[in-house]
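Coordinate inspection notes
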Amino acid sequence: MTPVDKSAVVKALREMSSYLQLRGENMFKTRAYDVAADRIAGLSDDLGQLVAEGKLTSLPGIGESIGQKISEYVTTGHLSALEDLKKEYPPRILELLEVQDLGPKKAKALFEQLGVGSLDDLEKACQKQQVRALKGFGLKTEEKLLAGIALARRQQSAGSRKRLGDVLPIATELLAWVQAAPGVKRASLGGSVRRMKETVADADIIASAPDAAKVFAHFERHPKVAAVIASGESKSSIRLTELDLQVDLRVLPDEDFASALHHFTGSKAHHIHLRSLAQERGYTISEWGVHRLGAAAGAKQEKGTARHEAAEEKLPIKEEKDLYALLDMEYVPPELREDWGEIEAAQKHQLPRRLVTAEDLAGNVHAHSTWSDGRDSLEAMARAAKALGLEYLTVTEHSQTSGYAGGLSVERLKAQWEEIDRLNETLKGITLLKGVESDLLEDGSLDYPDSVLAQLDVVIGSIHQRYSQDEDAMTRRVLNAFDNPHLHIWGHPTGRLLLKREPAPLRMEEILDKAAKKGIAIEVNGCPERMDLAPEYVRQALQRGLKLVISTDAHSVGELATHLPFAVAAARRGWATKADVLNALPARDFVKRLQRV
Ligand code: DGT
Ligand code: CA
Ligand code: ZN
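Notes on the structure in this doc start here. Bear in mind that the values here come from a model prediction, so they are computed numbers and not experimental data. (Residues numbered from 1 in each chain as written. Chains lettered and ligands numbered in written order. Predicted model: local features only at pLDDT ≥ 70, side-chain atom pairs only at ≥ 80, totals over all residues. Heavy atoms only, no water.)

1. Some words on the pattern of salt bridges
Heads up, the condition is: In what follows, salt bridge is the name for a side-chain nitrogen of Lys or Arg lying within 4 Å of a carboxyl oxygen of Asp or Glu. Secondary structure follows DSSP: runs of H or I at least 4 residues long count as helices, runs of E at least 2 residues long count as strands, and numbering of each begins at the N terminus. For every residue, the accessible area (1.4 Å probe, protein chains only) is compared with the maximum for its type, and the residue is labelled buried under 20%, exposed over 50%, or partly exposed between those bounds.
Counted under the stated rule, the structure contains 46 salt bridges. One salt bridge connects E15 with K11, and the closest N-O pair in it is separated by 3.9 Å. With E15 and K11 both in helix α1 (residues 6–23) and four residues apart, the pair spans about one turn of that helix. Taking relative accessible area as the criterion, E15 reaches 16% and is therefore assigned buried. For the salt bridge of R530 with D553, the shortest nitrogen-to-oxygen distance reads 3.9 Å. One end of the pair, R530, is in the loop between β16 (521–525) and α21 (535–543); the other, D553, is in strand β17 (residues 548–554), and 23 residues separate them in sequence. Connected through shared salt-bridge partners, R92, E95, D120, E123 and R153 make up one network.

Have a look at this one:
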C-alpha cells in the first residue's frame, strides 16, 4: 500500500482554515485547522495506519470534527466540507491572503464589495483607484497593496523552486537507494541538481538495469515517499514527504545510459545548441541516443514515423565523453552545461583544463566559533578542520558593530589572539590564522582601527546591515572599502539569500575592475542559503585576473564539511581552476598573497 500523502492532507487543512477565515468564522475555529495541519505535518507515525485504527483523535490538537474530516480525506481522497467552501468563491481567491498587509477581513471586503477574486483582480482594482474608496482602506493601503502584489508574485514564481542545499542531501540518499535496487548497473543524479544549480525545481535520477519495473518497485518503496505521481515503462515520479520534493527516475538499458544521462542532465539550452551542431555533421542527439542520419532520413520525418529507429544508424555512446568526442569537442563538466559559452570553448579546446575540486584546498576560510555567533568552540573547530585533512583554518569572527551576532570588541579580539596562539602551540598539524569578518560600514569603512587590522592575517569585509541603500550608495560603499589597504577579501559579495533576499544593488563591473586594480580577493561563499558570488560574476572576476577564496562561512564543526561542496560548486560553475583559488595555497603563501601592504 502506498503511504498516505501527508502533504496533501496538510494542504487541505490549511485551505479549510483560509476559506473559513474568508467567511469570517471565529478565530478559534479557524486556528483549530492550522493546529491540526501542524500536527499532521510533524507526524512521524504512518497517517494511514492511525486512521485505519481510529486513533487520530488521540493526537493532541485533533478533535472529533477535524479527525472525521481527515479520515474522510484519507479514505476517499475528498473533503466535502472544503469542496463546498470552494464553490462559494472564485478559484484563485486564496492568492489574496498571500499579500502582505491583507488579512482575511480586508480580503472579504474586497471580494464582497468589488468582486476581487485573484491577484490580477486586486491589481486592476488598485490601478482603477477603487480600493481607496472602500471603508477602512485608503490611498496608503492601496499603495501598500500594490507593493504586496509584486512581492507575492515574486514569491509565487520562486515558491516552486527549492535550494540546492536542501535538495542535494535527500537526492543523494535516493540515489544510493536506487543504486541498491535489483539489477542496477549504473545510476547518477541528473538535471539541475547534477549541474549544481543554486535552486532546483525537482530532482532527476537516471539508472540502467535490465528490468526497469523491478527498479521502480524498489524506488517507490523508499520510506520517505509520500505519493507515487506517475509510474510508466521508463519513468517513475514520486513526491517525498520531505520538502514536498518531486523525484523523477528514468531506467534504461545500459547501452542507452550515457546518452540518457546526458540528455536528462541538461540544461535544455546546452542541448539545443549541441543538437544544432550535431545536425550540421549529420547526427541527431535526443533522449533516445545519438544517430547518424541515413539517406532516407528526410523522407522519414513525416508524422507518425519513429524516425530515430527506421532509417538511422544508432551510434554507441558508452560514456558522456564519447558524445562530445563525436562532435570534436572537449568533455564539458555538468556544472558548465548552461550554454554560457562552454560549447564554443569546448570546440576550440579552450575549456579550463581542470576545474577546482574540494581536494585542491589546503585551508578552510571564513569560520565562526563561540567567540561570536558560532555554535562550537575554537578548539573544536580547529580539531575538526584538522580531521578533514586541512592545513589551516582562518578564524574570522564578526566585528564590533554586529552586536546581534556577538561581534568582538578590540579587547575581545585581542583576547582571542591569546587563545589562538595557545592552540597553535598545542595542536599539531593544523594552523589557526588570525582574522576577522569585518562589517563594511555604511560609508565603506572597516569596523576596527587600521592599527588593529594591520595585525591580522586575514581580513574579510562583508555587508551585513543597511541593505536598503540604493545602487549608487551601495556601490560607493564597496569601492571605498577597497581603498583600505588592510582589507583582503570581499565576503559574500552580493549579500543575496537564495529565494529570500535579492542581491544588493551593485554596479558589479565597476567594482570588479577596482578589486582587480587593488588586488582584493573575491569570496565564493558556500553557505547553502547564499552560494554567493553567482557564477556569472565569478567568471567576470576571473576574466579580470582576480583571485578567489572558496569559503565555508562555517558556524559549527559540521558546516566545515557540509558547506564546502556548495562553495566549490559555485566556483566551478564560474569556471574556476585550482590556480584561481588562494586557499589552495599552503598557509604561508596564502597569507603572503593576501597582504597588500
Ligand atoms: P529544474 O528541474 O527546473 O531545476 O531544471 P532541470 O534542468 O533539471 O530541468 P528538468 O527537470 O525539467 O529536465 C531535466 C533535463 O531534461 C533538462 O535539463 C534537459 C532535459 N529536458 C527536459 N525537457 C527538455 C526539452 O524540452 N528539450 C530538451 N532538449 N531537453 C529537455
Ligand atoms: Ca530537474
Ligand atoms: Zn557574513
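2. A closer look at the sheet that holds strand β7 (residues 246–252)
Inclusion rule: Strand pairing is defined by DSSP finding a minimum of two bridges between the two strands. Helix axes use the C-alpha atoms of the stretch in contact, all axes being lines fitted to C-alpha atoms, and the angles between their N-to-C directions lie in the range 0 to 180 degrees.
Read across the open sheet, the five strands follow the order β2-β4-β7-β6-β5; overall the sheet is mixed. Because the sheet does not close on itself, it has two edges, and the strands there are β2 (186–190) and β5 (225–231). Neighbouring strand axes in the sheet, compared pairwise and without regard to direction, differ in orientation by 20 degrees on average. In this structure, β5 lies alongside strand β6 (residues 235–240), joined through five bridges in antiparallel fashion. Across the sheet, residue A230 finds its bridge partner in β6, namely S237.

3. What to know about unusual backbone geometry
A cis amide bond links G266 with the next residue in sequence, S267, at an omega value of -5 degrees. Relative to the helices and strands, S267 is located in the loop between α12 (257–265) and α13 (268–280). With an omega dihedral of 25 degrees, the bond running from D532 to L533 counts as a cis peptide bond. The topology assignment puts L533 in the loop between β16 and α21. Although it is not a glycine, H349 sits at a positive phi angle of roughly 55 degrees. Mapped onto the secondary structure, H349 falls in the loop between α15 (342–347) and β11 (363–367). If you check the backbone angles, H366 has positive phi at about 75 degrees while not being a glycine. Structurally, H366 can be placed in strand β11. Given the relative accessible area of 0%, H366 is considered buried.

4. A word on the coordination of the zinc ion (ligand 3)
Filter applied, for reference: Here a donor is any nitrogen, oxygen or sulfur atom (N, O, S) within 2.8 Å of the metal, with 3.2 Å used for Na, K and Ca; water is not among the atoms considered, so some sites may look incomplete.
The protein atoms that coordinate the zinc ion (ligand 3) are E437 (OE), H464 (NE2) and H492 (NE2), at distances spanning 2.0 to 2.2 Å. Read in sequence order, the donor residues coordinating the zinc ion (ligand 3) give the pattern E-x26-H-x27-H. Pair noted here: E437 is in strand β13 (residues 431–439) and H464 is in the loop between β14 (458–462) and α19 (471–482), with a separation of 27 residues, a long-range link. The exposure class of E437 is buried, given its relative accessible area of 1%. The class for H464 is buried, based on a relative accessible area of 15%.

5. Some remarks on helix α4 (residues 64–76)
The cut-off we apply is this: Working rule for helices: expected span equals 1.5 Å times residues minus one. When we speak of the arc, we mean the arc of directions from the helix axis to the C-beta atoms.
In a regular helix each residue adds 1.5 Å, so 13 residues correspond to 18 Å; α4 covers 18 Å between its end C-alpha atoms and thus fits that length. Of all the positions in α4, only I66, G67, K69 and I70 are classed as buried. All buried residues of α4 project into a common sector of 160 degrees when viewed along the axis, lining one side. Opposite the packed face of α4, turned more than 90 degrees from it, sit the exposed residues E64, Q68 and T75. Taken from the residues just after α4, G77 is the one with a positive phi, measuring 80 degrees.

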